Amino acid sequence: MNSVRLFLVLGLAYLAVFLQAAFTAPQRWLGAPLSLLPALMVCTALRLDLTAVALLALCGGLWRDALSANPLGASLLPLYLVGWGVWRWREALLRELDYAQLILGALASALVPVLTLVVVLSKGAEPDLGWHTAWQLVVLTVSGGVFTPVLFRLLERLERLFAHPEVVASSYRPDREIKRGRY
Amino acid sequence: MFKRPQWVAFGAVALVGLVLLNLPDQLAARLKIALGALFLPLFGLVGSAQHLAAETARTFTPRAELGRQLEALRRENQRLQLELARAREALEENQRLRQLLGWTRASPWKTRVCTVLARDPEAWWRALHIDAGARDGLRPGLPVVTPEGLVGRVDRVAHATAEVVLVGDPRCRVAVVVRETGETGVLTTHSAGVLDHRLVDLTHLPRNLAVRPGQSVFTSGLGGVFPPGLPVGTVVDTRSVGYGLYAEARVKLHADPARLREVIVLLP
(Lines give C-alpha, C1' and ligand atoms only; values in the text may rest on other atoms or scores of the structure.)
Protein backbone atom coordinates (compact mmCIF):
# COMPACT_ATOMS: atom_id res chain seq x y z
CA MET A 1 0.00 0.00 0.00
CA ASN A 2 2.82 2.39 0.88
CA SER A 3 4.38 2.10 -2.57
CA VAL A 4 0.98 2.75 -4.16
CA ARG A 5 0.60 5.87 -2.06
CA LEU A 6 4.11 6.94 -3.03
CA PHE A 7 3.43 6.46 -6.75
CA LEU A 8 0.18 8.36 -6.38
CA VAL A 9 1.98 11.31 -4.83
CA LEU A 10 4.71 11.28 -7.48
CA GLY A 11 2.10 11.00 -10.25
CA LEU A 12 0.23 13.95 -8.80
CA ALA A 13 3.49 15.93 -8.59
CA TYR A 14 4.18 15.21 -12.27
CA LEU A 15 0.68 16.37 -13.18
CA ALA A 16 0.97 19.43 -10.94
CA VAL A 17 4.17 20.59 -12.66
CA PHE A 18 2.66 19.93 -16.07
CA LEU A 19 -0.56 21.83 -15.26
CA GLN A 20 1.42 24.74 -13.90
CA ALA A 21 3.39 24.99 -17.14
CA ALA A 22 0.66 24.19 -19.64
CA PHE A 23 -2.24 26.31 -18.41
CA THR A 24 -1.76 30.04 -18.26
CA ALA A 25 -5.25 31.17 -17.37
CA PRO A 26 -4.29 31.83 -13.69
CA GLN A 27 -1.34 33.91 -14.87
CA ARG A 28 -3.67 35.95 -17.08
CA TRP A 29 -6.37 36.45 -14.46
CA LEU A 30 -4.37 36.65 -11.24
CA GLY A 31 -0.95 37.78 -12.42
CA ALA A 32 0.79 34.70 -11.03
CA PRO A 33 0.93 31.00 -11.86
CA LEU A 34 -0.58 28.69 -9.27
CA SER A 35 1.72 26.13 -7.68
CA LEU A 36 0.40 22.82 -6.38
CA LEU A 37 3.73 21.33 -5.28
CA PRO A 38 3.98 22.96 -1.81
CA ALA A 39 0.39 21.94 -1.02
CA LEU A 40 1.14 18.41 -2.20
CA MET A 41 4.26 18.38 -0.04
CA VAL A 42 2.18 19.30 3.03
CA CYS A 43 -0.29 16.49 2.28
CA THR A 44 2.57 14.03 1.79
CA ALA A 45 4.34 15.06 4.98
CA LEU A 46 1.11 14.70 6.96
CA ARG A 47 0.13 11.32 5.51
CA LEU A 48 3.33 9.53 4.44
CA ASP A 49 6.85 8.92 5.71
CA LEU A 50 10.10 10.81 5.30
CA THR A 51 11.16 8.74 2.27
CA ALA A 52 8.08 9.96 0.41
CA VAL A 53 8.87 13.55 1.43
CA ALA A 54 12.45 13.21 0.16
CA LEU A 55 11.39 11.56 -3.11
CA LEU A 56 8.70 14.17 -3.73
CA ALA A 57 11.22 16.95 -3.11
CA LEU A 58 13.70 15.30 -5.51
CA CYS A 59 11.29 14.44 -8.33
CA GLY A 60 8.97 17.43 -8.00
CA GLY A 61 11.87 19.86 -7.65
CA LEU A 62 13.74 18.42 -10.62
CA TRP A 63 10.68 18.35 -12.87
CA ARG A 64 9.83 21.92 -11.97
CA ASP A 65 13.37 23.18 -12.51
CA ALA A 66 13.54 21.35 -15.84
CA LEU A 67 10.63 23.38 -17.21
CA SER A 68 11.75 26.58 -15.57
CA ALA A 69 14.71 28.91 -15.99
CA ASN A 70 15.76 28.19 -12.38
CA PRO A 71 19.19 26.63 -11.96
CA LEU A 72 18.72 22.85 -11.88
CA GLY A 73 18.29 21.76 -8.26
CA ALA A 74 17.10 25.14 -6.95
CA SER A 75 13.72 23.82 -5.78
CA LEU A 76 14.92 20.62 -4.09
CA LEU A 77 16.01 21.90 -0.71
CA PRO A 78 13.17 24.43 -0.22
CA LEU A 79 10.59 21.72 -0.91
CA TYR A 80 12.35 19.21 1.31
CA LEU A 81 12.82 21.66 4.21
CA VAL A 82 9.14 22.54 4.21
CA GLY A 83 8.14 18.89 3.96
CA TRP A 84 10.54 17.87 6.70
CA GLY A 85 9.25 20.64 9.00
CA VAL A 86 5.66 19.50 8.61
CA TRP A 87 6.63 15.83 8.94
CA ARG A 88 8.72 16.50 12.06
CA TRP A 89 5.90 18.19 13.96
CA ARG A 90 2.95 16.39 12.44
CA GLU A 91 2.02 14.69 15.72
CA ALA A 92 1.58 18.11 17.30
CA LEU A 93 -0.56 19.39 14.43
CA LEU A 94 -4.31 18.97 14.16
CA ARG A 95 -3.79 17.50 10.75
CA GLU A 96 -7.32 16.20 10.21
CA LEU A 97 -8.81 19.69 10.47
CA ASP A 98 -9.35 21.65 7.26
CA TYR A 99 -8.31 24.81 9.03
CA ALA A 100 -4.93 23.37 10.04
CA GLN A 101 -4.37 22.06 6.51
CA LEU A 102 -5.25 25.45 5.06
CA ILE A 103 -2.79 27.29 7.33
CA LEU A 104 -0.02 24.75 6.71
CA GLY A 105 -0.59 24.86 2.95
CA ALA A 106 -0.53 28.65 2.92
CA LEU A 107 2.68 28.77 4.97
CA ALA A 108 4.36 26.16 2.78
CA SER A 109 3.23 27.92 -0.41
CA ALA A 110 4.76 31.16 0.84
CA LEU A 111 7.98 29.60 2.13
CA VAL A 112 8.88 27.43 -0.87
CA PRO A 113 9.04 30.27 -3.43
CA VAL A 114 10.88 32.56 -1.01
CA LEU A 115 13.51 29.91 -0.24
CA THR A 116 13.78 29.01 -3.93
CA LEU A 117 14.32 32.67 -4.74
CA VAL A 118 17.12 32.79 -2.15
CA VAL A 119 18.81 29.82 -3.87
CA VAL A 120 18.28 31.35 -7.32
CA LEU A 121 19.72 34.69 -6.24
CA SER A 122 22.66 33.01 -4.50
CA LYS A 123 23.50 31.37 -7.84
CA GLY A 124 23.84 34.84 -9.37
CA ALA A 125 20.74 34.66 -11.56
CA GLU A 126 18.68 37.79 -12.22
CA PRO A 127 15.00 36.94 -11.84
CA ASP A 128 12.19 39.36 -12.62
CA LEU A 129 11.54 40.86 -9.16
CA GLY A 130 9.54 43.90 -8.09
CA TRP A 131 6.26 44.85 -6.49
CA HIS A 132 4.55 42.25 -8.64
CA THR A 133 6.60 39.60 -6.80
CA ALA A 134 4.85 40.52 -3.53
CA TRP A 135 1.49 40.17 -5.26
CA GLN A 136 2.56 36.84 -6.78
CA LEU A 137 3.53 35.61 -3.30
CA VAL A 138 0.11 36.61 -1.96
CA VAL A 139 -1.60 34.70 -4.79
CA LEU A 140 0.63 31.66 -4.23
CA THR A 141 0.01 31.73 -0.47
CA VAL A 142 -3.77 32.01 -0.69
CA SER A 143 -4.12 29.48 -3.51
CA GLY A 144 -1.76 27.05 -1.75
CA GLY A 145 -3.86 27.31 1.40
CA VAL A 146 -7.06 26.61 -0.52
CA PHE A 147 -5.57 23.72 -2.49
CA THR A 148 -4.19 21.82 0.50
CA PRO A 149 -7.48 20.53 2.00
CA VAL A 150 -8.70 19.79 -1.55
CA LEU A 151 -5.57 17.77 -2.32
CA PHE A 152 -5.89 16.05 1.05
CA ARG A 153 -9.38 14.84 0.13
CA LEU A 154 -8.27 13.89 -3.38
CA LEU A 155 -5.39 11.81 -2.04
CA GLU A 156 -7.71 10.08 0.44
CA ARG A 157 -10.12 9.16 -2.35
CA LEU A 158 -7.39 7.96 -4.66
CA GLU A 159 -5.86 5.84 -1.91
CA ARG A 160 -9.25 4.32 -1.20
CA LEU A 161 -9.53 3.38 -4.88
CA PHE A 162 -6.33 1.36 -4.71
CA ALA A 163 -6.82 -0.08 -1.22
CA HIS A 164 -8.50 -3.37 -0.36
CA PRO A 165 -12.10 -2.85 0.76
CA GLU A 166 -12.45 -2.65 4.52
CA VAL A 167 -13.79 -5.75 6.26
CA VAL A 168 -17.04 -4.84 7.94
CA ALA A 169 -17.35 -6.56 11.33
CA SER A 170 -20.49 -8.71 11.41
CA SER A 171 -22.87 -8.50 14.33
CA TYR A 172 -23.32 -12.25 14.13
CA ARG A 173 -21.78 -14.16 17.02
CA PRO A 174 -21.75 -17.95 16.74
CA ASP A 175 -21.68 -18.43 20.51
CA ARG A 176 -25.01 -16.59 20.84
CA GLU A 177 -26.80 -18.65 18.19
CA ILE A 178 -30.15 -20.05 19.30
CA LYS A 179 -30.35 -23.63 18.16
CA ARG A 180 -33.80 -25.02 17.81
CA GLY A 181 -34.89 -28.60 17.77
CA ARG A 182 -33.92 -31.57 19.86
CA TYR A 183 -30.56 -31.89 21.45
CA MET B 1 16.04 15.38 18.74
CA PHE B 2 17.09 14.24 15.27
CA LYS B 3 17.19 10.57 14.54
CA ARG B 4 19.57 9.00 12.07
CA PRO B 5 17.13 8.41 9.15
CA GLN B 6 16.23 12.10 9.21
CA TRP B 7 19.87 13.06 8.86
CA VAL B 8 20.38 10.53 6.08
CA ALA B 9 17.39 11.85 4.12
CA PHE B 10 18.40 15.45 4.65
CA GLY B 11 21.99 14.69 3.69
CA ALA B 12 20.92 12.86 0.53
CA VAL B 13 18.62 15.67 -0.66
CA ALA B 14 21.15 18.37 0.24
CA LEU B 15 23.93 16.48 -1.55
CA VAL B 16 21.89 15.98 -4.72
CA GLY B 17 20.79 19.62 -4.62
CA LEU B 18 24.33 20.94 -4.19
CA VAL B 19 25.77 18.65 -6.87
CA LEU B 20 23.07 19.72 -9.34
CA LEU B 21 23.49 23.40 -8.52
CA ASN B 22 27.22 23.17 -9.15
CA LEU B 23 27.10 21.19 -12.38
CA PRO B 24 28.80 22.75 -15.41
CA ASP B 25 26.32 24.86 -17.39
CA GLN B 26 26.30 22.60 -20.45
CA LEU B 27 25.71 19.44 -18.45
CA ALA B 28 22.96 21.11 -16.41
CA ALA B 29 21.30 22.30 -19.62
CA ARG B 30 21.44 18.77 -21.06
CA LEU B 31 19.95 17.33 -17.88
CA LYS B 32 17.19 19.93 -17.98
CA ILE B 33 16.40 19.05 -21.56
CA ALA B 34 16.31 15.34 -20.71
CA LEU B 35 14.02 15.90 -17.73
CA GLY B 36 11.82 18.31 -19.68
CA ALA B 37 11.39 15.65 -22.38
CA LEU B 38 9.41 13.60 -19.83
CA PHE B 39 6.57 16.08 -20.30
CA LEU B 40 6.50 15.93 -24.10
CA PRO B 41 3.80 13.20 -24.27
CA LEU B 42 1.48 15.30 -22.14
CA PHE B 43 2.15 18.43 -24.15
CA GLY B 44 1.46 16.43 -27.31
CA LEU B 45 -1.78 15.18 -25.80
CA VAL B 46 -2.90 18.72 -24.95
CA GLY B 47 -2.02 19.88 -28.48
CA SER B 48 -4.05 17.05 -30.01
CA ALA B 49 -6.99 17.77 -27.71
CA GLN B 50 -6.95 21.46 -28.65
CA HIS B 51 -6.77 20.54 -32.34
CA LEU B 52 -9.68 18.14 -31.93
CA ALA B 53 -11.73 20.76 -30.08
CA ALA B 54 -11.05 23.29 -32.82
CA GLU B 55 -12.03 20.76 -35.50
CA THR B 56 -15.24 19.91 -33.63
CA ALA B 57 -16.11 23.59 -33.24
CA ARG B 58 -15.55 24.04 -36.97
CA THR B 59 -17.86 21.12 -37.73
CA PHE B 60 -20.68 22.68 -35.76
CA THR B 61 -20.25 26.18 -37.20
CA PRO B 62 -23.38 27.09 -39.21
CA ARG B 63 -23.03 27.26 -42.98
CA ALA B 64 -24.13 30.92 -43.09
CA GLU B 65 -21.43 31.86 -40.59
CA LEU B 66 -18.81 30.01 -42.64
CA GLY B 67 -19.98 31.88 -45.74
CA ARG B 68 -19.62 35.22 -43.94
CA GLN B 69 -16.12 34.26 -42.75
CA LEU B 70 -15.17 33.18 -46.28
CA GLU B 71 -16.36 36.48 -47.73
CA ALA B 72 -14.44 38.45 -45.08
CA LEU B 73 -11.31 36.40 -45.79
CA ARG B 74 -11.66 36.99 -49.53
CA ARG B 75 -11.79 40.73 -48.96
CA GLU B 76 -8.85 40.55 -46.57
CA ASN B 77 -6.94 38.48 -49.12
CA GLN B 78 -7.53 41.06 -51.87
CA ARG B 79 -6.33 43.86 -49.58
CA LEU B 80 -3.24 41.88 -48.60
CA GLN B 81 -2.47 41.05 -52.25
CA LEU B 82 -2.50 44.75 -53.00
CA GLU B 83 -0.24 45.49 -50.04
CA LEU B 84 2.08 42.67 -51.06
CA ALA B 85 2.40 44.10 -54.56
CA ARG B 86 3.25 47.50 -53.09
CA ALA B 87 5.74 45.94 -50.68
CA ARG B 88 7.41 44.03 -53.56
CA GLU B 89 7.69 47.22 -55.49
CA ALA B 90 9.21 49.00 -52.48
CA LEU B 91 11.60 46.10 -51.94
CA GLU B 92 12.79 46.18 -55.54
CA GLU B 93 13.26 49.93 -55.31
CA ASN B 94 15.14 49.47 -52.05
CA GLN B 95 17.45 46.90 -53.65
CA ARG B 96 18.08 49.16 -56.67
CA LEU B 97 18.95 52.08 -54.40
CA ARG B 98 21.20 49.85 -52.29
CA GLN B 99 23.03 48.78 -55.43
CA LEU B 100 23.39 52.41 -56.53
CA LEU B 101 24.79 53.40 -53.13
CA GLY B 102 26.96 50.30 -52.89
CA TRP B 103 25.40 49.09 -49.61
CA THR B 104 25.53 45.44 -48.75
CA ARG B 105 22.26 43.68 -49.47
CA ALA B 106 20.27 42.96 -46.32
CA SER B 107 19.60 39.24 -46.22
CA PRO B 108 15.89 38.44 -45.81
CA TRP B 109 14.79 36.35 -42.79
CA LYS B 110 13.18 32.98 -43.19
CA THR B 111 10.35 32.19 -40.80
CA ARG B 112 9.29 29.14 -38.83
CA VAL B 113 5.85 29.10 -37.20
CA CYS B 114 5.96 27.27 -33.85
CA THR B 115 3.32 26.25 -31.33
CA VAL B 116 3.71 27.27 -27.71
CA LEU B 117 3.94 24.14 -25.56
CA ALA B 118 4.33 25.53 -22.05
CA ARG B 119 5.17 28.52 -19.93
CA ASP B 120 7.83 28.80 -17.27
CA PRO B 121 6.16 27.50 -14.11
CA GLU B 122 7.95 30.02 -11.87
CA ALA B 123 6.49 33.47 -11.38
CA TRP B 124 9.84 35.27 -11.63
CA TRP B 125 10.82 34.20 -15.16
CA ARG B 126 9.14 35.21 -18.39
CA ALA B 127 9.77 32.34 -20.74
CA LEU B 128 7.96 29.73 -22.77
CA HIS B 129 8.71 26.49 -24.58
CA ILE B 130 8.00 25.98 -28.29
CA ASP B 131 7.72 22.86 -30.46
CA ALA B 132 10.76 23.48 -32.66
CA GLY B 133 14.40 22.88 -31.87
CA ALA B 134 17.81 22.21 -33.31
CA ARG B 135 16.35 19.82 -35.92
CA ASP B 136 14.39 22.79 -37.34
CA GLY B 137 17.46 24.99 -37.54
CA LEU B 138 16.84 26.95 -34.34
CA ARG B 139 19.77 28.22 -32.32
CA PRO B 140 20.13 30.52 -29.29
CA GLY B 141 19.63 34.23 -29.92
CA LEU B 142 17.16 34.06 -32.82
CA PRO B 143 14.34 36.65 -32.63
CA VAL B 144 10.80 35.46 -31.96
CA VAL B 145 7.83 37.51 -33.14
CA THR B 146 4.09 37.39 -33.71
CA PRO B 147 2.11 39.34 -36.33
CA GLU B 148 1.55 41.95 -33.58
CA GLY B 149 5.20 42.46 -32.73
CA LEU B 150 8.34 41.26 -31.02
CA VAL B 151 7.96 38.51 -28.42
CA GLY B 152 11.50 37.61 -27.34
CA ARG B 153 14.47 35.51 -28.36
CA VAL B 154 15.38 31.84 -28.42
CA ASP B 155 17.48 30.86 -25.42
CA ARG B 156 18.00 27.13 -24.80
CA VAL B 157 17.61 24.77 -27.73
CA ALA B 158 16.90 21.04 -27.49
CA HIS B 159 16.48 18.61 -30.39
CA ALA B 160 12.72 19.11 -30.79
CA THR B 161 11.92 21.99 -28.43
CA ALA B 162 13.36 25.35 -27.47
CA GLU B 163 12.99 27.87 -24.70
CA VAL B 164 12.04 31.43 -25.63
CA VAL B 165 12.91 34.26 -23.26
CA LEU B 166 10.20 36.90 -23.47
CA VAL B 167 10.61 40.65 -23.63
CA GLY B 168 10.43 41.86 -20.03
CA ASP B 169 12.55 39.04 -18.65
CA PRO B 170 15.85 40.35 -17.25
CA ARG B 171 17.68 37.98 -19.64
CA CYS B 172 16.12 39.60 -22.71
CA ARG B 173 17.09 43.25 -23.09
CA VAL B 174 16.06 44.83 -26.35
CA ALA B 175 17.61 47.90 -27.95
CA VAL B 176 14.71 49.97 -29.28
CA VAL B 177 13.98 53.27 -30.94
CA VAL B 178 10.95 55.53 -30.58
CA ARG B 179 9.85 56.05 -34.19
CA GLU B 180 8.48 59.56 -33.81
CA THR B 181 11.47 61.06 -31.98
CA GLY B 182 14.32 58.76 -32.96
CA GLU B 183 15.37 58.38 -29.32
CA THR B 184 16.95 55.05 -28.47
CA GLY B 185 16.78 53.09 -25.24
CA VAL B 186 16.74 49.62 -23.78
CA LEU B 187 13.65 47.62 -22.87
CA THR B 188 13.95 45.92 -19.50
CA THR B 189 11.61 44.29 -17.04
CA HIS B 190 8.91 46.39 -15.42
CA SER B 191 9.45 46.57 -11.68
CA ALA B 192 6.20 48.22 -10.60
CA GLY B 193 3.48 46.48 -12.61
CA VAL B 194 1.35 44.00 -10.73
CA LEU B 195 -1.37 42.68 -12.98
CA ASP B 196 -0.49 44.04 -16.43
CA HIS B 197 2.26 41.76 -17.70
CA ARG B 198 2.42 43.64 -21.01
CA LEU B 199 4.10 46.64 -19.41
CA VAL B 200 7.88 46.93 -19.60
CA ASP B 201 10.30 49.75 -18.84
CA LEU B 202 12.16 51.69 -21.52
CA THR B 203 15.35 52.88 -19.84
CA HIS B 204 18.52 54.75 -20.79
CA LEU B 205 16.53 57.58 -22.36
CA PRO B 206 18.12 61.05 -22.50
CA ARG B 207 17.25 63.63 -19.84
CA ASN B 208 15.61 66.10 -22.24
CA LEU B 209 12.92 63.67 -23.16
CA ALA B 210 10.80 64.21 -26.26
CA VAL B 211 8.99 60.89 -25.94
CA ARG B 212 5.22 61.18 -25.44
CA PRO B 213 2.49 58.65 -24.64
CA GLY B 214 1.09 56.92 -27.70
CA GLN B 215 4.34 56.93 -29.67
CA SER B 216 5.49 53.69 -31.29
CA VAL B 217 8.53 51.70 -30.24
CA PHE B 218 10.47 49.55 -32.72
CA THR B 219 13.65 47.51 -32.47
CA SER B 220 16.68 49.62 -33.31
CA GLY B 221 18.94 46.80 -34.47
CA LEU B 222 21.68 47.88 -32.07
CA GLY B 223 23.34 44.96 -30.34
CA GLY B 224 22.88 42.69 -33.35
CA VAL B 225 20.36 40.28 -31.80
CA PHE B 226 17.13 41.74 -33.18
CA PRO B 227 16.78 43.09 -36.72
CA PRO B 228 15.75 46.75 -36.91
CA GLY B 229 12.17 47.78 -37.52
CA LEU B 230 10.26 45.11 -35.63
CA PRO B 231 7.24 46.65 -33.86
CA VAL B 232 7.49 46.28 -30.09
CA GLY B 233 4.87 48.42 -28.36
CA THR B 234 3.47 51.83 -27.52
CA VAL B 235 4.68 54.36 -24.95
CA VAL B 236 2.22 54.59 -22.03
CA ASP B 237 3.85 57.28 -19.89
CA THR B 238 7.22 58.77 -19.03
CA ARG B 239 8.97 59.76 -15.82
CA SER B 240 12.18 61.34 -14.71
CA VAL B 241 14.46 59.17 -12.57
CA GLY B 242 17.80 59.47 -10.80
CA TYR B 243 17.05 63.01 -9.56
CA GLY B 244 16.34 64.14 -13.11
CA LEU B 245 19.58 62.75 -14.52
CA TYR B 246 17.83 60.50 -16.99
CA ALA B 247 14.36 59.41 -18.01
CA GLU B 248 12.34 56.26 -18.33
CA ALA B 249 9.12 55.37 -20.09
CA ARG B 250 6.61 52.60 -19.67
CA VAL B 251 5.88 50.68 -22.84
CA LYS B 252 2.88 48.45 -23.46
CA LEU B 253 3.88 45.51 -25.63
CA HIS B 254 1.84 44.83 -28.77
CA ALA B 255 2.08 41.05 -28.30
CA ASP B 256 0.41 39.73 -25.17
CA PRO B 257 2.82 37.12 -23.75
CA ALA B 258 0.08 35.44 -21.69
CA ARG B 259 -2.10 34.75 -24.73
CA LEU B 260 0.51 33.39 -27.10
CA ARG B 261 -0.41 30.13 -28.80
CA GLU B 262 1.78 30.39 -31.86
CA VAL B 263 4.95 32.38 -32.47
CA ILE B 264 7.23 32.92 -35.45
CA VAL B 265 10.97 32.37 -35.18
CA LEU B 266 13.05 34.44 -37.61
CA LEU B 267 15.78 32.32 -39.14
CA PRO B 268 18.73 34.00 -40.91
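Predicted model only: the values in this text are computed from it and were never measured.

About the cut-offs
- Residues numbered from 1 in each chain as written.
- Chains lettered and ligands numbered in written order.
- Predicted model: local features only at pLDDT ≥ 70, side-chain atom pairs only at ≥ 80, totals over all residues.
- Heavy atoms only, no water.
- Helix = DSSP H or I, 4+ residues; strand = E, 2+ residues; numbered from the N terminus.
- Rg over C-alpha atoms; globule rule 2.2 N^0.38 Å.
- Buried < 20%, exposed > 50% of the residue type's maximum accessible area, 1.4 Å probe, protein only.
- Contact = heavy atoms within 4.5 Å.
- Patch = residues over 30% accessible without salt bridge, like charges linked within 9 Å, V, L, I, M, F, W, Y side chains within 5 Å.
- Areas by Shrake-Rupley, 256 points an atom, 1.4 Å probe, with all protein chains shown as cover.
- Salt bridge = Lys/Arg side-chain N within 4 Å of Asp/Glu carboxyl O.
- pLDDT = per-residue confidence, 0-100.
- Pairing = 2+ DSSP bridges.
- Axes fitted to C-alpha atoms, helices over the stretch in contact; angles between N-to-C directions.
- Expected span 1.5 Å × (residues − 1).
- 1 Å grid on protein atoms, 1.4 Å probe; cavity = no way out; pocket = protein on both sides within 12 Å on 5 of 7 lines; lining within 4 Å.
- Points joined across faces, edges and corners; volume = space filled by probe spheres on them.
- Nonpolar A, V, L, I, M, F, W, Y, C, P; charged D, E, K, R; others polar.
- Disulfide = S-S within 2.5 Å.

Trainee: Quick rundown of the overall build of chain A? Include the residues and the values.
Mentor: Within chain A, the regular secondary structure consists of seven helices and zero strands. Of the regular secondary structure in chain A, the N- to C-terminal order runs α-α-α-α-α-α-α. Relative to the compact-globule value of 16 Å for 183 residues, chain A shows a C-alpha radius of gyration of 21 Å, a clear excess of over 25%. For chain A, the residues scored as buried account for 51% of the 183 residues in total. Taking as baseline every contact in chain A between residues at least 6 positions apart, the subset at least 24 positions apart corresponds to 75%.

Trainee: Can you explain unusual backbone geometry? Please cite residues and give values.
Mentor: Phi at B:His204 is positive, roughly 60°, even though this residue is not glycine. Tracing the backbone through its elements, the reader meets B:His204 in strand 8 (residues 199–205).

Trainee: Break down a nonpolar patch on the surface for me, with residues and values.
Mentor: Residues and elements named next belong to chain A. Together, Leu94, Leu97, Tyr99, Leu102, Ile103 and Leu107 make up an exposed nonpolar region whose accessible area comes to about 630 Å². You can see Leu94 is positioned in the loop between helix 5 (76–88) and helix 6 (98–122). Residue class for Leu94 comes out exposed when judged on its relative accessible area of 59%.

Trainee: So what about the confidence of the model for chain B? Which residues, and what values?
Mentor: Per-chain confidence: chain B averages 86 in pLDDT, with 95% of residues scoring 70 or above. The ipTM value of the predicted complex is 0.80, and its pTM value is 0.81.

Trainee: If you had to explain the pattern of salt bridges to someone new, which residues and values would you point to?
Mentor: All chains considered together, the criterion is met by 21 salt bridges over all chains. As a salt-bridge pair, A:Arg5 and A:Glu159 come within 3.2 Å of each other at their nearest N and O atoms. Remark: A:Glu159 occurs in helix 7 (residues 131–162) and A:Arg5 occurs in helix 1 (residues 2–22); sequence separation between them is 154 residues. Pair check on accessibility: A:Arg5 and A:Glu159 agree, each one buried. The shortest N-O distance in the salt bridge between B:Arg112 and B:Asp136 comes to 3.0 Å. One end of the pair, B:Arg112, is in strand 1 (residues 110–119); the other, B:Asp136, is in the loop between strand 2 (127–130) and strand 3 (143–145), with 24 residues separating them in the sequence. Residue classification places B:Asp136 among the partly exposed residues on the basis of a relative accessible area of 23%. What emerges from the salt-bridge pattern is a single network uniting A:Arg5, A:Arg47, A:Glu156 and A:Glu159.

Trainee: Pulling in residues and values, what's your account of the sheet that holds strand 1 of chain B?
Mentor: On the basis of which strands lie adjacent, the closed barrel formed by six strands has the order 1-2-5-4-3-12 (chain B) and antiparallel pairing. Ignoring which end each strand starts from, the neighbouring axes of this sheet average 45° apart.

Trainee: Could you give me a rundown of helix 5 of chain A, with the residues and numbers involved?
Mentor: Its 13 residues place the ends of helix 5 of chain A 18 Å apart at the C-alpha level, agreeing with the 18 Å of an ideal helix rising 1.5 Å per residue. By the criterion of burial, helix 5 of chain A is predominantly enclosed, with ten of the 13 residues buried. Among the residues of helix 5 of chain A, those classed as buried are A:Leu76, A:Pro78, A:Leu79, A:Tyr80, A:Val82, A:Gly83, A:Trp84, A:Gly85, A:Val86 and A:Trp87. Elements that come into contact with the buried residues of helix 5 of chain A comprise helix 3 (37–47), helix 4 (50–67) and helix 6 of chain A together with helix 1 (4–21) of chain B.

Trainee: Tell me about the side chain of A:Thr148, and please be specific about residues and values.
Mentor: Residue and element names in this part refer to chain A. Along the chain, Thr148 falls in helix 7. For Thr148, a relative accessible area of 0% gives the class buried. Thr148 has contacts with Ala39, Val42, Cys43, Gln101 and Gly105, leaving out every residue within four places of it along the chain.

Trainee: Run through empty space enclosed by the protein, naming residues and quoting values.
Mentor: Inspection of every chain in the model, using the stated rule, returns four cavities of 30 Å³ or more. Within this model, the second largest cavity holds a volume of roughly 80 Å³. For the second largest cavity, the full set of lining residues is A:Gln20, A:Pro33, A:Ser35, A:Pro38, A:Arg64, A:Ser109, A:Pro113, A:Leu140, B:Pro121, B:Glu122, B:Ala123 and B:Trp124. Per-class residue counts for the lining of the second largest cavity are seven nonpolar, three polar and two charged.

Trainee: How would you sum up the state of the cysteines? Please name residues and give values.
Mentor: Summed over the entire model, instances satisfying the criterion amount to zero disulfides over all chains. Of all cysteine sulfurs in the structure, the one in A:Cys59 sits closest to A:Cys43, which takes part in no disulfide; the separation is 17 Å. Distance from the sulfur of B:Cys172, which forms no disulfide, to the nearest cysteine sulfur (B:Cys114) is 16 Å.

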